[in-house]
Amino acid sequence: MVSPALLEAPSALSHEVAFMATSIDLLFKSLIIVLITNLIARRFVNNLGNTGVYALWLTAFACMLMLPMFSSNVAYTVGFVSPAEPFSLITIPLLRNISTDTGTLLFTAIWLRAFIFVYFSVLLFLVARLYLSIKRVNDIAVAADYQLSRYMQKLINRLCTELSIDKPIQFGISELVETPFSAGFKDYAIILPKNALDWDRKTLENVIVHELSHIQRGDFIALLLCELGTYVFWFNPFAWVINTKIKNSAEYNCDDCVLSRGTSSCRYAQDCVEA
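Values in this document were obtained by computation on a predicted structure and should not be read as measured data.

Peer 1: Talk me through the sheet that holds strand β2 (residues 181-183); I want residue IDs and the actual numbers.
Peer 2: What the three strands build is an open sheet, ordered β1-β3-β2; its pairing is mixed. The open sheet has two edge strands with one neighbour each: β1 (169-174) and β2. Recorded for the sheet is a direction-independent mean angle of 20° between the axes of neighbouring strands. Strand direction decides the pairing type here: β1 and strand β3 (residues 188-193), joined by six bridges, are parallel. The partner of Q170 across the bridge, within β3, is A189.

In structure tokens:
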């Protein structure tokens, strides 16, 4: 049985006051999620570690994506939700006592079309930009040189064994990149810049371990899904804040993997600058 809120969602969305109330409610709840998550992350960072903080921000992002599943408390307090049904399966509230004369309907219809046009225009732009970025990464990976020296191949095999990574991973060298990166869903690749051939053994090892950690943890897929979720909520600044926190936490986790192998923080910081 379809919820009454779902049936009346278009009319609710088209009314400026109800829409603003719902938007404010969404932003307010997002702010609360960010503040609480940040407080927990700061307070218990020693207990959680970077892995726990990463999981915490992923949970916060999932909670933000679920916000439309709950009713708008702000809209309820300003009188746009039926008291008999204060909760619904969507954020858009039920309307009551709203004028529906011809002039008002014409204005709200134009306003709604403008909003939908802007929303999907920005969403399409962001998705297109992401597609071009992924395509460029794929083009770089295809054009990379995978004929590695015996020394580098032995080093890579040893590191994969030590990290218990049994996934097929291709390692390549490319003149088109300045910093190392890893990517892939099923077939994984790690691309190093051409100057990686001039790095000393320890620097090369630290960089490879960092990128292998990304693949081992499945960061590429998780970050891609978060990126797409952020695009859906592109109008919500707190979605971008949480997305940035997730990206930073993912990098910190991989840094921890390198440091856990006995590399000093000062040496690793120097390696990051050189790489």
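Peer 1: Quick rundown of the side chain of N253? Include the residues and the values.
Peer 2: Positionally, N253 belongs in helix α10 (residues 237-259). Since its relative accessible area comes to 6%, N253 is described here as buried. Only 3.4 Å separates the side chain of N253 from the backbone oxygen of N50, close enough to count as a polar contact. One polar contact links the side chain of N253 to the main-chain amide nitrogen of T51, over a distance of 2.7 Å. Leaving out residues up to four positions away in the same chain, N253 has contacts with N50, T51, Y54 and R217.

Peer 1: Run through the pairing of β3, naming residues and quoting values.
Peer 2: Counted residue by residue, β3 has six buried out of six residues, so it is predominantly covered. Neither face of β3 is left uncovered, since the one carrying Y188, I190 and L192 and the one carrying A189, I191 and P193 both have all their residues buried. Relative to β3, β2 runs antiparallel, the two sharing three bridges. Within β3, the position partnered with A183 by the bridge is A189. Taking the residues that link successive antiparallel strands as the turn, the β2-β3 hairpin has four residues, and the phi of G184 there is positive, at about 135°.

Peer 1: Outline the pattern of salt bridges, listing residues and values.
Peer 2: Under the criterion given, the structure shown has nine salt bridges. Among the ionic pairs, E162 bridges to R261, the shortest N-O distance being 2.8 Å. In this pair, E162 is assigned in helix α7 (residues 150-162) and R261 in the loop between α10 and α11 (265-274), connecting sequence segments 99 residues apart. Salt bridges linked by common partners bring R158, E162, R201, E205 and R261 together as one network.

Peer 1: Give me the lowdown on the packing of α7 against helix α8 (residues 201-217), citing residues and values where you can.
Peer 2: Two elements in contact, α7 and α8, have axes separated by 11 Å at closest approach and are oriented at 45°. For the element pair α7 / α8, the angle class is oblique. As α7 runs across α8, the sense of the crossing is right-handed. Every residue of α8 that contacts α7 at Y151, M152, L155, I156, R158, L159 and C160 is listed here: R201, L204, E205, I208, V209 and L212.

Calculation notes
Residues numbered from 1 in each chain as written. Predicted model: local features only at pLDDT ≥ 70, side-chain atom pairs only at ≥ 80, totals over all residues. Heavy atoms only, no water. Pairing = 2+ DSSP bridges. Helix = DSSP H or I, 4+ residues; strand = E, 2+ residues; numbered from the N terminus. Axes fitted to C-alpha atoms, helices over the stretch in contact; angles between N-to-C directions. Buried < 20%, exposed > 50% of the residue type's maximum accessible area, 1.4 Å probe, protein only. Polar contact = N/O pair within 3.5 Å; in protein donor to acceptor, adjacent residues only side chain to side chain. Contact = heavy atoms within 4.5 Å. Salt bridge = Lys/Arg side-chain N within 4 Å of Asp/Glu carboxyl O. Parallel < 35°, antiparallel > 145°, perpendicular 65-115°, else oblique. Left-handed = near helix turned anticlockwise from the far one by under 90°.

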